[in-house]
Amino acid sequence: MTASLSLVVVNAGVSDPSSTKLLADRASARVRALGQARGREITTTTIDLRDVLPELPAALASQHFGERFTRAIAALVDADGIIAAAPVYKAGVSGLFTSFFQVLDNDLLIGKPTVLAATAGTARHALVVDEEMRSLFAYLRTLTVPTSLFAATEDWRDKALMGRIDRAALELVLLMESGFAKAVRDESWQHYPHEFGSAGGTQTGIDLESDLMRLATGGSTRTNKPGHPEGAP
Amino acid sequence: MQFGIMSVSDITRDPISGVTPTEAERIANIVAIAVKAEEVGLDAFAIGEHHNPPFFSSSPTTLLAHVAALTERLIVTTSTTLITTNDPVRIAEEYAMLQHLSGGRMDLMLGRGNTAPVYPWFGQDIRQGLPLALENYNLLHRLWREDVVDWEGSFRTPLQGFTSVPRPLDDVPPFVWHGSIRTPEIAEQAAFYGNGYFANNIFWPKDHYKRLIDFYRQRFEHYGHGTAKQAIVGLGGQAFIGKTSQEAKAQFRPYFDEAPVYGHGPTMEEFSQTTPLSVGSVQEVIDKTLTFQETFGDYQRQLFLVDHAGMPVGMVLDQLELLGGEVVPVLRRELDKRRDPEAAEAPTHASLVKAKYGGAEPRQPRPNANRGDNVTGSSPYQDSDAEVTASYPAL
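Rules of the game
Residues numbered from 1 in each chain as written. Chains lettered and ligands numbered in written order. Predicted model: local features only at pLDDT ≥ 70, side-chain atom pairs only at ≥ 80, totals over all residues. Heavy atoms only, no water. Helix = DSSP H or I, 4+ residues; strand = E, 2+ residues; numbered from the N terminus. Buried < 20%, exposed > 50% of the residue type's maximum accessible area, 1.4 Å probe, protein only. Contact = heavy atoms within 4.5 Å. Areas by Shrake-Rupley, 256 points an atom, 1.4 Å probe, with all protein chains shown as cover. Lys, Arg positive; Asp, Glu negative; His and termini not counted. Charge placed at Lys NZ, Arg CZ, Asp CG, Glu CD. Expected span 1.5 Å × (residues − 1). Pairing = 2+ DSSP bridges. Right-handed = clockwise from strand over helix to strand, strands pointing away. Buried area = accessible area lost by both parts, 1.4 Å probe. Salt bridge = Lys/Arg side-chain N within 4 Å of Asp/Glu carboxyl O. Polar contact = N/O pair within 3.5 Å; in protein donor to acceptor, adjacent residues only side chain to side chain. Nonpolar A, V, L, I, M, F, W, Y, C, P; charged D, E, K, R; others polar. Axes fitted to C-alpha atoms, helices over the stretch in contact; angles between N-to-C directions. Parallel < 35°, antiparallel > 145°, perpendicular 65-115°, else oblique. Left-handed = near helix turned anticlockwise from the far one by under 90°.

*Asks:* Hey, could you go over the overall build of chain A for me, with residue numbers and the actual values?
*Replies:* Counting secondary structure elements, chain A contains ten helices and seven strands. For the C-alpha atoms alone, the extent of chain A along its principal axes is close to 80 × 45 × 35 Å. Going through the 233 residues of chain A one by one, you find that 46% of them count as buried. Expressed as a percentage of contacts within chain A between residues at least 6 apart in sequence, the contacts between residues at least 24 apart total 76%. A total accessible area of about 11400 Å² is found for chain A, and carbon and sulfur atoms account for 52% of it. With 23 positive and 27 negative side-chain charges, chain A shows a separation of 5 Å between the mean positions of the two kinds.

Structure below.
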């Protein structure tokens, strides 16, 4: 058996039981089972955003992360795949869900395979997952799987939902196996803008050859004008 | 090791009395606070720079010159001087003047400023903040070291044959700290020039601060200014000291809860646990402050934020009594014991003069008679080499 893969489930459902958590759990169970069948152990970490809720104001207002936030970020740093599940409220993704992802470093999730999942009380919210969540994750540069999951109340008695879960789970497992995120990190990470200490504190390389570093050490970023080579009087 | 206080110059409503001080009151109070800092045995007083209400400190050198005139030992400094929106030429002139008037009892800390609207007020663009800061310091550095500067950059109008007056006291430039908490380029610049590096130490994660401080130390050594242990590091910090832990917490809580800097987010207890803030008894504040040295290594300057969030002046003066009378003497003793013999002393004008001249007399520049410009001919000072001529930059 090859090395195990790490799946992180981010659940923004706040009730207990929560249909959002139920959807996320179904998907993650399917991912694990598919992994098993393909000879790949997949370990799961669940981040229930309700638990980080008390730390959210500080994170939003002053980028001050408490212990639970720090643990959640650490789990995402190591994630090989993500299932991100949110309830839809008032025709929009739950504020808790968007807030959580908005305070993360821009480069924390680059290239990570992700299943998007949403639940709602009515099928009229069906496009929220593709129109709102997908664009948020496009900004975060995740590798979002083609099949989104959406479950309104009536979907829970429809076999088609399980079919979509299967599809999304398989897509996720294939992408997780591909090692895409790691290859991006290894080979083209420097082509993405990073702040020092970003990517959950793992971005600590310092490029001493950049234009700004030249400027920091007394050099110039000014481009020479034609006819005036640098240093000419 | 130097200990002092830093103020951001906020004029904040006192949440207990409900009263917001007038600008006049707050300015008078800050002078009293600075004078008190010397009285209780602290070494340094730092003031911030802001250009919008509710702050008053738009003109740090004026305040600091006044404070210097009222004190005898205190080093006056900034936290920070805006290296982005100020013209580096004006910084060179104003701080050299302060250096003369204070008899060398000054230095300054440079920062970028993160208040976006301030940049356009001074014709700058915050998106260019970092290159602007780096370039401006490169110029400032030369203005204090070369009598006549020809210069051309990306942001400021070029200089031809410019002499910044007065020349620094004893022809020794003021010591410069570069303040930064997240920018490796600033740490690199501090290291390149052998200047000090200051981390505000208000927010953590401390691992993050430590990485940058370690990077600065390593680069300081790389550029040949001394060993990594000899690099000049300053740290901020925040403390509220009570006779007992409970008293401190009860007194400070209303101010903490209202303080804009905390963003009405974490509780005081959470914040105390995960940041350098200490709210507690004398011993608790001492213990927490000692962890800074354990984490970041020997350092040269510790500045505490003690006067913000609407705290009334009487309370701040009481805090200074406790800080200077009970906390700092213990910290001095403890840190002296722990200090690596290799670690540098905190820089002062006297130590910089000694480093430059040894025992010799410092240079005292006397200008030549006015000839209307410095562009043609030699240096405008009598002791300089008449053969060295200034030249026009290519424009």
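Moving on from the model shown.
*Asks:* For helix 7 (residues 206-222) of chain B, give the residues involved together with the corresponding values.
*Replies:* For helix 7 of chain B, spanning 17 residues, the distance from its first C-alpha to its last is 24 Å, which sits close to the expected 24 Å at 1.5 Å a residue. By the burial criterion, the buried members of helix 7 of chain B are His208, Tyr209, Leu212, Ile213, Phe215, Tyr216, Arg217, Arg219 and Phe220 of chain B. Those residues of helix 7 of chain B hidden inside the fold are in contact with helix 10 (211-216) of chain A together with helix 6 (184-193), strand 9 (196-199), strand 10 (233-235) and helix 10 (282-296) of chain B. Immediately downstream of helix 7 of chain B, the backbone of glycine 224 of chain B shows phi near 80°, a positive value.

*Asks:* If you had to explain the pairing of strand 1 (residues 2-11) of chain A to someone new, which residues and values would you point to?
*Replies:* Residues and elements named next belong to chain A. The element strand 1 is largely enclosed, with a buried count of seven among its ten residues. Both strand 1 and strand 2 (residues 40-48) contribute to a ladder of eight bridges, which runs parallel. Bridge pairing links valine 9 to threonine 46 in strand 2. Read as a crossover between parallel neighbours, the route from strand 1 over helix 1 (residues 19-37) to strand 2 is right-handed. In terms of strand pairing, strand 1 meets strand 3 (residues 81-89) through five bridges, oriented parallel. Pairing of leucine 7 across the sheet is with glycine 81, part of strand 3.

*Asks:* A description of the interface of chain B and chain A should follow, citing residues and the corresponding values.
*Replies:* Contacts between chain B and chain A engage 33 residues on the former and 25 residues on the latter. For the chain B and chain A pair, buried surface summed over both sides reaches about 2400 Å², with 66% attributable to carbon and sulfur atoms. Put simply, chain B and chain A have zero salt bridges between them. Our count for the contact surface shared by chain B and chain A stands at two residue pairs in polar contact (both at pLDDT 80 or more). Elements with a minimum of two residues in the side of chain B that touches chain A: helix 5 (129-143), helix 6, helix 7 and helix 9 (268-274) of chain B. Among the elements that make up the side of chain B that touches chain A, the one with the highest residue count is helix 6 of chain B (six residues). Classifying every residue of the side of chain B that touches chain A gives 16 nonpolar, nine polar and eight charged.

*Asks:* Quick one: what's the story with the sheet that holds strand 8 (residues 176-179) of chain B, residue by residue and with numbers?
*Replies:* Residue and element names in this part refer to chain B. Spatial strand order, 3-2-1-13-10-9-8-5-4: nine strands in an open sheet with parallel pairing. What marks the edges here is a single partner per strand, and that holds for strand 3 (75-78) and strand 4 (81-82). Bridge count for strand 2 (residues 44-47) against strand 3 is four bridges, and the pairing is parallel. Directly across from alanine 44, in strand 3, lies its bridge partner isoleucine 75.

*Asks:* Outline the side chain of threonine 84 of chain B, listing residues and values.
*Replies:* Residue and element names in this part refer to chain B. Mapped onto the elements of the fold, threonine 84 is located in the loop between strand 4 and helix 3 (88-101). On the basis of relative accessibility, which here comes to 0%, the residue threonine 84 falls in the buried class. A distance of 2.6 Å separates a polar side-chain atom of threonine 84 from the backbone oxygen of arginine 112.

*Asks:* Give me the packing of helix 6 of chain B against helix 7 of chain B: which residues, what numbers.
*Replies:* All names here are of chain B. Close contact between helix 6 and helix 7 brings their axes to 8 Å; oriented N to C, the two are set at 30°. It follows that helix 6 is roughly parallel to helix 7 by the angle criterion. For the pair helix 6 and helix 7, the sense of crossing is right-handed. Residues Pro184, Ala187, Glu188, Ala190 and Ala191 of helix 6 form the contact with helix 7, whose participating residues are Leu212, Phe215, Tyr216, Arg219 and Phe220. Partitioning the contact of helix 6 with helix 7 into residue classes produces eight nonpolar, no polar and two charged.

*Asks:* Tell me about the environment of glycine 13 of chain A, and name the residues and values.
*Replies:* All names here are of chain A. Residue position: glycine 13 is located in the loop between strand 1 and helix 1. A relative accessible area of 7% means that glycine 13 is categorised as buried. Residues glycine 13 and leucine 23, ten residues apart in the sequence, show an inter-C-alpha distance of 10.0 Å.

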